[in-house]
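Next come the chains, spelled out residue by residue.
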Amino acid sequence: MALAGLNVLLAALHECGVSAPPLTPADIEDATDEKGAYVLLVRLAGPLETRLPGTGRLELRPGWYAYCGSARGPGGLRARLRRHFRHDKNLHWHIDRLTVAADALAALPVPGGNECGLVQRLLRHPALDIAVRGFGSTDCRTCESHLLKFDGDTSRVAPRQPSELADSRKRGPDS
Ligand SMILES: [Zn+2]
(Lines give C-alpha, C1' and ligand atoms only; values in the text may rest on other atoms or scores of the structure.)
Protein backbone atom coordinates (compact mmCIF):
# COMPACT_ATOMS: atom_id res chain seq x y z
CA MET A 1 0.00 0.00 0.00
CA ALA A 2 1.50 3.26 -1.18
CA LEU A 3 0.78 5.43 1.82
CA ALA A 4 0.87 2.96 4.72
CA GLY A 5 0.97 4.78 8.03
CA LEU A 6 -0.20 8.10 6.61
CA ASN A 7 -3.64 7.91 8.20
CA VAL A 8 -2.11 7.23 11.62
CA LEU A 9 0.14 10.26 11.19
CA LEU A 10 -2.75 12.44 10.00
CA ALA A 11 -4.75 11.40 13.07
CA ALA A 12 -1.82 12.44 15.28
CA LEU A 13 -1.62 15.84 13.55
CA HIS A 14 -5.38 16.24 13.97
CA GLU A 15 -4.94 15.67 17.72
CA CYS A 16 -2.45 18.56 17.63
CA GLY A 17 -5.03 20.80 15.94
CA VAL A 18 -3.47 20.56 12.47
CA SER A 19 -6.20 19.09 10.33
CA ALA A 20 -6.09 20.67 6.87
CA PRO A 21 -6.88 18.16 4.10
CA PRO A 22 -3.54 16.70 2.95
CA LEU A 23 -2.24 17.57 -0.51
CA THR A 24 -0.26 15.05 -2.54
CA PRO A 25 1.94 15.67 -5.58
CA ALA A 26 -1.05 14.70 -7.76
CA ASP A 27 -3.21 17.58 -6.53
CA ILE A 28 -0.61 20.29 -5.89
CA GLU A 29 -2.22 22.61 -8.45
CA ASP A 30 -5.29 22.80 -6.15
CA ALA A 31 -3.13 24.30 -3.39
CA THR A 32 -3.68 27.86 -2.29
CA ASP A 33 -1.21 30.55 -3.34
CA GLU A 34 -1.66 32.32 -0.01
CA LYS A 35 1.40 32.79 2.18
CA GLY A 36 1.75 30.86 5.41
CA ALA A 37 3.20 27.71 6.90
CA TYR A 38 2.88 24.01 6.18
CA VAL A 39 3.62 20.58 7.54
CA LEU A 40 5.40 18.48 4.92
CA LEU A 41 5.08 14.72 5.45
CA VAL A 42 7.97 12.69 4.09
CA ARG A 43 8.29 8.92 4.09
CA LEU A 44 11.66 7.20 3.77
CA ALA A 45 11.35 3.58 2.64
CA GLY A 46 14.85 2.75 3.85
CA PRO A 47 17.57 4.36 5.97
CA LEU A 48 18.97 7.58 4.51
CA GLU A 49 22.60 8.54 4.89
CA THR A 50 23.36 12.12 4.01
CA ARG A 51 25.40 15.13 5.03
CA LEU A 52 24.10 18.57 5.91
CA PRO A 53 26.11 21.73 5.28
CA GLY A 54 27.89 22.65 8.49
CA THR A 55 27.20 19.35 10.24
CA GLY A 56 28.56 15.85 10.09
CA ARG A 57 27.18 12.70 8.56
CA LEU A 58 23.54 12.07 9.23
CA GLU A 59 21.64 8.80 9.24
CA LEU A 60 17.87 8.77 9.28
CA ARG A 61 15.75 5.73 10.07
CA PRO A 62 13.01 4.65 7.67
CA GLY A 63 9.50 5.91 8.36
CA TRP A 64 7.48 9.11 8.36
CA TYR A 65 8.88 12.56 9.10
CA ALA A 66 7.02 15.84 9.59
CA TYR A 67 8.84 18.99 8.52
CA CYS A 68 7.44 22.42 9.42
CA GLY A 69 8.25 25.21 7.00
CA SER A 70 6.98 28.53 5.76
CA ALA A 71 6.14 29.98 2.36
CA ARG A 72 6.30 33.74 2.23
CA GLY A 73 7.60 34.21 -1.31
CA PRO A 74 5.84 34.71 -4.65
CA GLY A 75 3.36 31.93 -5.40
CA GLY A 76 2.89 31.29 -1.69
CA LEU A 77 2.19 27.79 -0.42
CA ARG A 78 1.52 26.34 -3.87
CA ALA A 79 4.91 27.36 -5.25
CA ARG A 80 6.80 26.20 -2.17
CA LEU A 81 5.05 22.83 -1.94
CA ARG A 82 5.39 22.26 -5.68
CA ARG A 83 9.14 22.59 -5.24
CA HIS A 84 9.17 20.19 -2.28
CA PHE A 85 7.29 17.62 -4.35
CA ARG A 86 9.75 17.76 -7.26
CA HIS A 87 12.53 15.18 -7.28
CA ASP A 88 14.77 17.03 -9.77
CA LYS A 89 16.14 20.13 -8.06
CA ASN A 90 19.32 21.62 -6.71
CA LEU A 91 19.79 20.62 -3.08
CA HIS A 92 19.47 23.99 -1.39
CA TRP A 93 17.71 23.46 1.92
CA HIS A 94 18.24 20.68 4.48
CA ILE A 95 14.81 19.24 3.69
CA ASP A 96 15.74 18.80 0.00
CA ARG A 97 17.90 15.84 1.00
CA LEU A 98 14.83 14.06 2.30
CA THR A 99 12.32 15.00 -0.38
CA VAL A 100 14.55 13.71 -3.21
CA ALA A 101 14.93 10.40 -1.35
CA ALA A 102 11.30 10.06 -0.24
CA ASP A 103 8.99 7.37 -1.59
CA ALA A 104 5.88 9.26 -0.43
CA LEU A 105 5.17 12.95 0.15
CA ALA A 106 2.13 14.89 1.36
CA ALA A 107 1.59 18.33 2.85
CA LEU A 108 -0.87 20.18 5.06
CA PRO A 109 -0.93 23.88 4.19
CA VAL A 110 -1.71 26.32 7.00
CA PRO A 111 -2.40 29.71 5.36
CA GLY A 112 -1.33 32.55 7.63
CA GLY A 113 0.37 30.07 9.95
CA ASN A 114 3.79 30.14 11.54
CA GLU A 115 6.19 27.19 11.21
CA CYS A 116 7.64 27.54 14.71
CA GLY A 117 4.14 27.51 16.20
CA LEU A 118 3.48 24.30 14.27
CA VAL A 119 6.65 22.69 15.66
CA GLN A 120 5.62 23.52 19.22
CA ARG A 121 2.12 22.17 18.65
CA LEU A 122 3.31 18.91 17.10
CA LEU A 123 5.86 18.30 19.86
CA ARG A 124 2.99 17.95 22.33
CA HIS A 125 2.17 14.62 20.70
CA PRO A 126 3.95 11.64 22.32
CA ALA A 127 4.61 10.00 18.92
CA LEU A 128 6.34 13.08 17.45
CA ASP A 129 9.83 14.05 18.54
CA ILE A 130 12.88 15.97 17.32
CA ALA A 131 14.49 14.04 14.46
CA VAL A 132 17.77 15.92 14.07
CA ARG A 133 18.80 18.93 16.14
CA GLY A 134 19.30 22.06 14.05
CA PHE A 135 17.60 20.59 10.99
CA GLY A 136 15.91 23.37 9.03
CA SER A 137 16.13 25.69 12.01
CA THR A 138 19.55 27.27 11.70
CA ASP A 139 17.90 30.72 11.49
CA CYS A 140 15.39 29.95 14.21
CA ARG A 141 15.82 31.03 17.82
CA THR A 142 12.90 29.15 19.30
CA CYS A 143 12.99 25.61 17.84
CA GLU A 144 15.57 22.88 18.33
CA SER A 145 14.61 21.55 14.93
CA HIS A 146 11.98 21.91 12.25
CA LEU A 147 12.13 18.18 11.45
CA LEU A 148 10.20 15.74 13.61
CA LYS A 149 10.16 11.94 13.47
CA PHE A 150 6.86 10.10 13.76
CA ASP A 151 7.03 6.89 15.78
CA GLY A 152 3.34 6.22 16.08
CA ASP A 153 3.28 3.34 13.60
CA THR A 154 6.46 1.49 14.54
CA SER A 155 8.49 1.66 17.72
CA ARG A 156 6.10 3.02 20.35
CA VAL A 157 7.23 0.31 22.78
CA ALA A 158 10.83 1.57 22.76
CA PRO A 159 11.63 3.74 25.78
CA ARG A 160 11.84 7.40 24.83
CA GLN A 161 14.97 9.42 25.43
CA PRO A 162 14.45 12.20 27.93
CA SER A 163 14.87 15.59 26.33
CA GLU A 164 14.77 19.20 27.36
CA LEU A 165 11.29 19.38 25.91
CA ALA A 166 9.90 16.52 27.98
CA ASP A 167 8.25 18.76 30.56
CA SER A 168 6.50 20.87 27.93
CA ARG A 169 4.94 17.81 26.32
CA LYS A 170 2.02 15.76 27.40
CA ARG A 171 3.13 12.34 28.55
CA GLY A 172 2.28 9.29 26.51
CA PRO A 173 1.02 6.05 28.06
CA ASP A 174 4.46 4.46 27.71
CA SER A 175 6.59 7.22 29.24
ZN1 LIG B 1 11.36 27.48 14.51
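Preceding this paragraph is the structure being described.
What you see is a predicted model; the values in this text were computed from it and never measured.

**Regarding the pairing of strand β5 (residues 104–111)**
Then, in step 1: Burial runs high along β5: six of the eight residues are buried.
Then, in step 2: In terms of strand pairing, strand β1 (residues 36–44) meets β5 through eight bridges, oriented antiparallel. For Val 39, the partnering residue across the bridge sits in β5 and is Leu 108.

**A look at the pairing of strand β7 (residues 147–150)**
Then, in step 1: Inspection of the sheet shows strand β4 (residues 63–71) paired to β7 by three bridges, in the antiparallel sense. Within β7, the residue paired with Tyr 65 across the bridge is Lys 149.
Then, in step 2: Here strand β6 (residues 128–130) pairs with β7 via three bridges, running antiparallel. Counterpart to Asp 129 in the pairing with β7 is Lys 149.

**Observations regarding the sheet that holds β6**
Then, in step 1: In space, the five strands of this open sheet follow the order β5-β1-β4-β7-β6, with antiparallel pairing throughout. The sheet terminates laterally at β5 and β6, the two strands that pair on one side only. In this sheet, adjacent strand axes meet at a mean angle of 25 degrees when their direction is disregarded.
Then, in step 2: Sheet strands in contact with helix α1 (residues 6–15) are β1, β4, β5, β6 and β7, and its direction is about 150 degrees off that of β1.
Then, in step 3: Against the sheet, helix α2 (residues 76–85) touches β1, β4 and β5, its axis set at about 165 degrees to β5.

**Comments concerning the environment of His 14**
Then, in step 1: Checked against the element boundaries, His 14 lands in helix α1.
Then, in step 2: A residue is classified by how many C-beta atoms lie within 10 Å of it, and His 14, with 12 of them, is exposed.
Then, in step 3: Sequence separation of His 14 and Leu 122 is 108 residues, and the distance between their C-alpha atoms is 9.6 Å.

**Brief notes about the environment of Asp 96**
Then, in step 1: Inspection of the secondary structure puts Asp 96 in helix α3 (residues 96–99).
Then, in step 2: Counting along the chain gives 13 residues from Asp 96 to Arg 83, while the straight-line C-alpha distance between them is 9.2 Å.
Then, in step 3: Leave out the neighbours within four places in its chain, and Asp 96 touches Lys 89 and Leu 91.

**Quick look at α1**
Then, in step 1: For α1, the full list of buried residues reads Leu 9, Leu 10, Ala 12 and Leu 13. An end-on view of α1 places all buried positions within 155 degrees of arc, on one side of the element. Along α1, the residues that are exposed and aim more than 90 degrees away from the buried face are Asn 7, Ala 11 and His 14.
Then, in step 2: Among the structural elements, β1, β4, β5, α4 (115–122), β6 and β7 are those in contact with the buried residues of α1.
Then, in step 3: Following α1 by one or two positions, Gly 17 has its phi on the positive side, about 85 degrees.

Cut-offs and rules
Residues numbered from 1 in each chain as written. Predicted model: local features only at pLDDT ≥ 70, side-chain atom pairs only at ≥ 80, totals over all residues. Buried ≥ 20, exposed ≤ 12 C-beta atoms within 10 Å, placed from the backbone. Helix = DSSP H or I, 4+ residues; strand = E, 2+ residues; numbered from the N terminus. Pairing = 2+ DSSP bridges. Axes fitted to C-alpha atoms, helices over the stretch in contact; angles between N-to-C directions. Contact = placed C-beta atoms within 7 Å. Arc of directions from axis to C-beta.

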